[in-house]
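Next come the chains, spelled out residue by residue.
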Amino acid sequence: MSISRVHHLNCGTFLTPFVGPLVSHVLLCETSDGLVLVDSGLGLRDIESPRRRLGAPAMMLGPALRAEETAVNQVEGLGYSRSDVRHIVVTHLDYDHIGGATDFPDAVVHTTCTELQTARAQRTLSERFRYRQPHLTALANVQTYDEMTEQLLGFELAYPIDGVENMWLVPLPGHSEGHSGVALQVDGRGWLFHAGDAFFHHTTIHQSAPWSLRRGAVRVVETILADDVAAVRENHSRLRELAHETDFMSVFCSHDAAMFEEMRSAAESMRRRC
(Lines give C-alpha, C1' and ligand atoms only; values in the text may rest on other atoms or scores of the structure.)
Protein backbone atom coordinates (compact mmCIF):
# COMPACT_ATOMS: atom_id res chain seq x y z
CA MET A 1 0.00 0.00 0.00
CA SER A 2 2.71 2.48 -1.00
CA ILE A 3 1.83 6.09 -1.78
CA SER A 4 1.71 6.98 -5.47
CA ARG A 5 0.13 10.45 -5.42
CA VAL A 6 -0.71 13.16 -2.89
CA HIS A 7 -3.42 15.82 -3.14
CA HIS A 8 -3.27 18.92 -0.92
CA LEU A 9 -6.72 19.92 0.36
CA ASN A 10 -7.89 22.84 2.47
CA CYS A 11 -10.58 21.30 4.67
CA GLY A 12 -11.48 24.30 6.79
CA THR A 13 -10.82 28.01 6.40
CA PHE A 14 -10.71 30.25 9.47
CA LEU A 15 -11.05 34.02 8.98
CA THR A 16 -9.26 34.81 12.22
CA PRO A 17 -9.27 38.39 13.52
CA PHE A 18 -5.79 40.04 13.61
CA VAL A 19 -4.13 36.92 12.16
CA GLY A 20 -5.90 36.70 8.81
CA PRO A 21 -7.06 33.63 6.87
CA LEU A 22 -5.89 30.24 8.11
CA VAL A 23 -6.37 26.93 6.30
CA SER A 24 -6.70 23.34 7.49
CA HIS A 25 -4.08 21.57 5.37
CA VAL A 26 -5.09 17.95 4.75
CA LEU A 27 -3.30 15.38 2.60
CA LEU A 28 -5.20 12.89 0.45
CA CYS A 29 -2.84 10.06 -0.44
CA GLU A 30 -3.56 7.62 -3.24
CA THR A 31 -2.27 4.08 -2.75
CA SER A 32 -2.72 0.74 -4.49
CA ASP A 33 -5.28 -0.24 -1.83
CA GLY A 34 -7.42 2.82 -1.30
CA LEU A 35 -7.00 6.32 0.07
CA VAL A 36 -5.30 7.68 3.18
CA LEU A 37 -6.03 11.06 4.75
CA VAL A 38 -3.50 12.91 6.88
CA ASP A 39 -5.75 14.93 9.19
CA SER A 40 -9.37 15.50 8.18
CA GLY A 41 -10.28 19.13 8.84
CA LEU A 42 -13.87 20.02 9.65
CA GLY A 43 -16.72 17.66 8.75
CA LEU A 44 -20.22 18.04 7.38
CA ARG A 45 -21.80 17.78 10.83
CA ASP A 46 -19.52 20.53 12.07
CA ILE A 47 -20.80 22.78 9.27
CA GLU A 48 -24.41 21.95 10.11
CA SER A 49 -24.11 22.49 13.90
CA PRO A 50 -20.95 24.50 14.48
CA ARG A 51 -21.59 25.95 17.93
CA ARG A 52 -22.61 22.63 19.45
CA ARG A 53 -19.87 20.57 17.82
CA LEU A 54 -16.98 23.04 17.80
CA GLY A 55 -17.77 25.17 20.82
CA ALA A 56 -17.88 28.91 21.45
CA PRO A 57 -14.06 29.44 21.51
CA ALA A 58 -13.81 27.97 18.02
CA MET A 59 -16.48 30.34 16.77
CA MET A 60 -14.32 33.27 17.90
CA LEU A 61 -11.69 32.14 15.37
CA GLY A 62 -14.07 32.81 12.48
CA PRO A 63 -14.62 29.41 10.83
CA ALA A 64 -15.89 29.95 7.27
CA LEU A 65 -18.00 26.74 7.51
CA ARG A 66 -18.01 25.90 3.79
CA ALA A 67 -19.42 22.48 3.03
CA GLU A 68 -17.45 22.35 -0.23
CA GLU A 69 -14.21 22.43 1.79
CA THR A 70 -14.96 19.25 3.74
CA ALA A 71 -12.73 16.30 2.95
CA VAL A 72 -15.66 14.09 1.99
CA ASN A 73 -16.93 16.56 -0.63
CA GLN A 74 -13.44 17.03 -2.06
CA VAL A 75 -12.80 13.28 -2.13
CA GLU A 76 -16.06 12.74 -3.99
CA GLY A 77 -15.24 15.67 -6.27
CA LEU A 78 -12.11 13.78 -7.35
CA GLY A 79 -14.27 10.82 -8.38
CA TYR A 80 -13.84 8.65 -5.29
CA SER A 81 -16.37 7.49 -2.73
CA ARG A 82 -16.06 7.99 1.00
CA SER A 83 -15.62 4.24 1.44
CA ASP A 84 -12.38 4.47 -0.56
CA VAL A 85 -10.78 6.24 2.43
CA ARG A 86 -9.29 3.36 4.44
CA HIS A 87 -7.09 5.24 6.92
CA ILE A 88 -6.99 8.66 8.59
CA VAL A 89 -3.63 9.47 10.20
CA VAL A 90 -3.97 12.49 12.49
CA THR A 91 -1.34 14.84 13.84
CA HIS A 92 -3.58 15.32 16.91
CA LEU A 93 -7.24 15.27 17.91
CA ASP A 94 -8.15 18.97 18.00
CA TYR A 95 -11.56 19.62 16.42
CA ASP A 96 -10.11 21.17 13.25
CA HIS A 97 -7.98 18.08 12.61
CA ILE A 98 -10.39 15.26 13.48
CA GLY A 99 -13.86 16.70 12.76
CA GLY A 100 -13.98 15.35 9.21
CA ALA A 101 -13.32 11.78 10.35
CA THR A 102 -17.03 11.33 11.14
CA ASP A 103 -17.71 11.48 7.39
CA PHE A 104 -15.61 8.32 6.88
CA PRO A 105 -17.04 5.80 9.36
CA ASP A 106 -15.25 2.84 7.77
CA ALA A 107 -11.76 4.35 8.05
CA VAL A 108 -9.23 3.45 10.75
CA VAL A 109 -8.03 6.52 12.67
CA HIS A 110 -4.37 6.41 13.69
CA THR A 111 -2.98 8.48 16.57
CA THR A 112 -0.58 8.14 19.47
CA CYS A 113 -1.74 6.48 22.66
CA THR A 114 -0.78 9.61 24.59
CA GLU A 115 -2.93 11.85 22.40
CA LEU A 116 -6.02 9.66 22.68
CA GLN A 117 -5.65 9.32 26.46
CA THR A 118 -5.18 13.09 26.85
CA ALA A 119 -8.17 13.86 24.65
CA ARG A 120 -10.41 11.53 26.63
CA ALA A 121 -9.22 12.66 30.06
CA GLN A 122 -9.46 16.43 29.36
CA ARG A 123 -7.71 17.35 32.60
CA THR A 124 -7.30 21.07 31.83
CA LEU A 125 -9.56 23.86 30.62
CA SER A 126 -7.64 24.20 27.35
CA GLU A 127 -8.03 20.48 26.69
CA ARG A 128 -11.80 20.78 27.18
CA PHE A 129 -11.82 23.53 24.55
CA ARG A 130 -9.68 21.74 21.97
CA TYR A 131 -11.07 18.20 22.26
CA ARG A 132 -14.78 17.93 21.48
CA GLN A 133 -16.89 15.03 22.73
CA PRO A 134 -18.97 14.66 19.52
CA HIS A 135 -15.74 13.96 17.65
CA LEU A 136 -14.24 11.62 20.23
CA THR A 137 -17.35 9.53 20.75
CA ALA A 138 -17.60 8.97 16.99
CA LEU A 139 -14.15 7.33 16.87
CA ALA A 140 -15.21 3.69 16.76
CA ASN A 141 -12.15 2.34 14.95
CA VAL A 142 -8.93 3.77 16.40
CA GLN A 143 -5.40 2.40 16.30
CA THR A 144 -2.96 3.89 18.79
CA TYR A 145 0.81 3.72 18.99
CA ASP A 146 3.24 3.57 21.89
CA GLU A 147 5.52 0.67 20.92
CA MET A 148 7.36 -0.67 17.85
CA THR A 149 9.22 2.58 17.23
CA GLU A 150 11.92 3.29 14.67
CA GLN A 151 14.49 6.02 14.19
CA LEU A 152 13.58 8.24 11.26
CA LEU A 153 14.99 11.41 9.71
CA GLY A 154 17.07 12.08 12.81
CA PHE A 155 14.15 11.60 15.21
CA GLU A 156 14.60 8.99 17.91
CA LEU A 157 10.94 7.92 17.85
CA ALA A 158 8.73 7.23 14.86
CA TYR A 159 5.76 4.87 14.59
CA PRO A 160 5.27 3.10 11.23
CA ILE A 161 1.58 3.22 10.29
CA ASP A 162 0.00 -0.20 10.27
CA GLY A 163 -1.46 -0.92 6.83
CA VAL A 164 0.25 1.96 5.03
CA GLU A 165 3.75 1.69 3.59
CA ASN A 166 6.20 4.58 3.96
CA MET A 167 4.20 6.61 6.46
CA TRP A 168 5.11 7.32 10.11
CA LEU A 169 3.79 9.22 13.10
CA VAL A 170 6.69 11.22 14.56
CA PRO A 171 6.02 12.44 18.14
CA LEU A 172 6.32 16.24 18.45
CA PRO A 173 4.72 17.01 21.82
CA GLY A 174 4.29 20.66 22.62
CA HIS A 175 1.13 21.96 20.98
CA SER A 176 -0.63 19.06 22.68
CA GLU A 177 0.78 16.32 24.87
CA GLY A 178 0.47 13.62 22.20
CA HIS A 179 0.95 15.79 19.10
CA SER A 180 2.87 14.25 16.19
CA GLY A 181 4.11 15.08 12.75
CA VAL A 182 3.37 12.71 9.87
CA ALA A 183 6.26 11.75 7.60
CA LEU A 184 5.58 10.10 4.27
CA GLN A 185 7.63 9.05 1.30
CA VAL A 186 5.96 9.34 -2.08
CA ASP A 187 7.03 6.96 -4.85
CA GLY A 188 9.84 8.64 -6.76
CA ARG A 189 9.09 12.11 -5.35
CA GLY A 190 10.94 12.41 -2.05
CA TRP A 191 9.57 13.13 1.42
CA LEU A 192 6.73 15.18 2.84
CA PHE A 193 6.59 16.10 6.53
CA HIS A 194 3.22 17.35 7.75
CA ALA A 195 4.11 19.04 11.03
CA GLY A 196 0.52 19.68 12.10
CA ASP A 197 0.45 22.49 14.67
CA ALA A 198 4.12 22.14 15.64
CA PHE A 199 4.45 25.58 14.06
CA PHE A 200 1.97 28.05 12.59
CA HIS A 201 3.85 30.32 10.20
CA HIS A 202 6.36 29.67 7.42
CA THR A 203 8.86 32.14 8.88
CA THR A 204 9.37 29.75 11.79
CA ILE A 205 11.44 27.45 9.59
CA HIS A 206 12.45 30.01 6.95
CA GLN A 207 13.89 32.70 9.18
CA SER A 208 15.23 34.78 6.29
CA ALA A 209 11.66 35.98 5.72
CA PRO A 210 11.04 39.50 7.08
CA TRP A 211 9.23 40.13 10.35
CA SER A 212 5.62 41.25 9.98
CA LEU A 213 2.72 42.15 12.26
CA ARG A 214 0.87 39.04 11.09
CA ARG A 215 3.87 36.87 11.94
CA GLY A 216 3.90 38.34 15.44
CA ALA A 217 0.16 37.78 15.89
CA VAL A 218 0.48 34.17 14.75
CA ARG A 219 3.30 33.60 17.26
CA VAL A 220 1.08 34.92 20.05
CA VAL A 221 -1.74 32.56 19.05
CA GLU A 222 0.71 29.65 18.83
CA THR A 223 1.95 30.37 22.36
CA ILE A 224 -1.55 30.67 23.80
CA LEU A 225 -2.57 27.32 22.31
CA ALA A 226 0.58 25.47 23.36
CA ASP A 227 0.50 22.77 26.02
CA ASP A 228 4.28 23.15 26.56
CA VAL A 229 5.89 26.30 25.16
CA ALA A 230 9.45 25.09 25.73
CA ALA A 231 8.76 21.89 23.78
CA VAL A 232 7.22 23.95 20.96
CA ARG A 233 10.44 25.95 20.68
CA GLU A 234 12.50 22.75 20.59
CA ASN A 235 10.30 21.46 17.77
CA HIS A 236 10.87 24.69 15.85
CA SER A 237 14.62 24.16 15.98
CA ARG A 238 14.46 20.54 14.85
CA LEU A 239 11.99 21.22 12.04
CA ARG A 240 14.12 24.13 10.84
CA GLU A 241 17.06 21.75 10.55
CA LEU A 242 14.93 19.13 8.81
CA ALA A 243 13.61 21.61 6.26
CA HIS A 244 17.14 22.56 5.21
CA GLU A 245 18.81 19.15 5.38
CA THR A 246 17.84 17.91 1.93
CA ASP A 247 16.29 19.06 -1.33
CA PHE A 248 13.98 16.04 -1.19
CA MET A 249 12.15 17.07 1.99
CA SER A 250 9.14 19.42 2.20
CA VAL A 251 8.18 20.51 5.72
CA PHE A 252 4.89 22.33 6.21
CA CYS A 253 2.28 23.00 8.86
CA SER A 254 -1.50 22.83 9.07
CA HIS A 255 -2.65 26.43 9.02
CA ASP A 256 -0.29 28.59 6.96
CA ALA A 257 -2.23 29.59 3.81
CA ALA A 258 0.92 30.53 1.86
CA MET A 259 2.54 27.15 2.53
CA PHE A 260 -0.66 25.37 1.55
CA GLU A 261 -0.91 27.23 -1.75
CA GLU A 262 2.75 26.57 -2.53
CA MET A 263 2.39 22.83 -1.88
CA ARG A 264 -0.91 22.58 -3.76
CA SER A 265 0.44 24.41 -6.80
CA ALA A 266 3.62 22.32 -6.87
CA ALA A 267 1.62 19.08 -6.72
CA GLU A 268 -0.66 20.20 -9.54
CA SER A 269 2.30 21.21 -11.70
CA MET A 270 3.91 17.81 -11.14
CA ARG A 271 0.70 16.00 -12.13
CA ARG A 272 0.49 18.02 -15.36
CA ARG A 273 4.09 17.15 -16.23
CA CYS A 274 3.37 13.46 -15.63
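A few points on the structure. All residue numbers here refer to positions counted from 1 along the written sequence of the relevant chain. Owing to the predicted nature of the model, reporting of local features is limited to residues with pLDDT of at least 70; listing and counting of side-chain atom pairs is limited to 80 or more, with chain, interface and lining totals taken over all residues. Working from all heavy atoms in the structure, the side-chain values ignore hydrogens and water.

So, about the packing of aromatic side chains. Centres within 6.5 Å are what make two rings of Phe, Tyr or Trp a pair, Trp counting through its six-membered ring; a difference in plane orientation under 30 degrees is then read as stacked, over 60 as edge-to-face, and the rest as tilted. One pass over the structure, following the stated rule, counts 3 aromatic pairs. Between Tyr-145 and Tyr-159, the aromatic rings sit 6.1 Å apart at their centres with planes inclined by 35°, giving tilted as the arrangement. Highlighted residues: Tyr-145 in strand β8 (residues 142–145) and Tyr-159 in strand β10 (residues 155–160), separated in sequence by 14 residues. Neither Tyr-145 nor Tyr-159 differs from the other in exposure class; each is buried. Seen in terms of ring centroids, Phe-155 and Phe-193 are 5.7 Å apart; in terms of plane orientation they differ by 15°. Their pairing is stacked. Taken as a pair, Phe-155 in strand β10 and Phe-193 in strand β13 (residues 191–194) lie far apart in primary sequence, 38 residues in all. The burial state of Phe-155 is the same as that of Phe-193; both residues are buried. If you follow Arg-130 out to its NZ or CZ, it ends over the ring of Tyr-131, 6.0 Å from the centre. In this structure, Arg-238 is placed above the aromatic ring of Phe-155, and the distance from its NZ or CZ to the ring centre is 4.6 Å. Helix and strand assignments come from DSSP, with helices taken as H or I runs of at least 4 residues and strands as E runs of at least 2, each series counted from the N terminus. Classification of residues uses two cut-offs on accessible area relative to the type maximum, computed with a 1.4 Å probe and protein chains only: under 20% is buried, over 50% is exposed, and between them is partly exposed. Definition used: whenever NZ (Lys) or CZ (Arg) falls within 6 Å of the ring centre and also within 35 degrees of the ring normal, the charge is taken to sit over that ring.

For the rest of this paragraph, the subject is helix α6 (residues 113–121). Here α6 has its buried residues at Cys-113, Glu-115, Leu-116, Thr-118 and Ala-119. Here a residue-residue contact requires only that any non-hydrogen atoms of the pair lie within 4.5 Å. For α6, the elements touching its buried residues are β7 (108–112), α7 (125–130), α8 (133–137) and β8.

Considering the arrangement of structural elements, one finds His-194 in strand β13. Of the residues examined, His-194 reaches a relative accessible area of 0% and is grouped as buried. The definition of a polar contact used here is a pair of N or O atoms within 3.5 Å, where within protein one atom must be able to donate a hydrogen and the other to accept one, and adjacent residues in sequence count solely through side-chain atom pairs. A polar atom in the side chain of His-194 sits 3.1 Å from the backbone nitrogen of Gly-196. Leave out the neighbours within four places in its chain, and His-194 touches His-25, Leu-27, Val-38, Asp-39, Thr-91, Gly-181, Val-182, Phe-252, Cys-253 and Ser-254.

Two strands qualify as a pair provided DSSP detects at least 2 bridges between them. Here we have 6 strands laid out as an open sheet, ordered β1-β4-β5-β6-β7-β8, and mixed in their pairing. Because the sheet does not close on itself, it has two edges, and the strands there are β1 (3–10) and β8. Ignoring which end each strand starts from, the neighbouring axes of this sheet average 20° apart. Structural elements are reduced to axes, namely lines fitted to C-alpha atoms, with helices fitted over the stretch in contact, and the angle between N-to-C directions of any two is expressed from 0 to 180 degrees. Sheet contacts for α6: β7 and β8; angle to β7, the most-contacted strand, approximately 95°.

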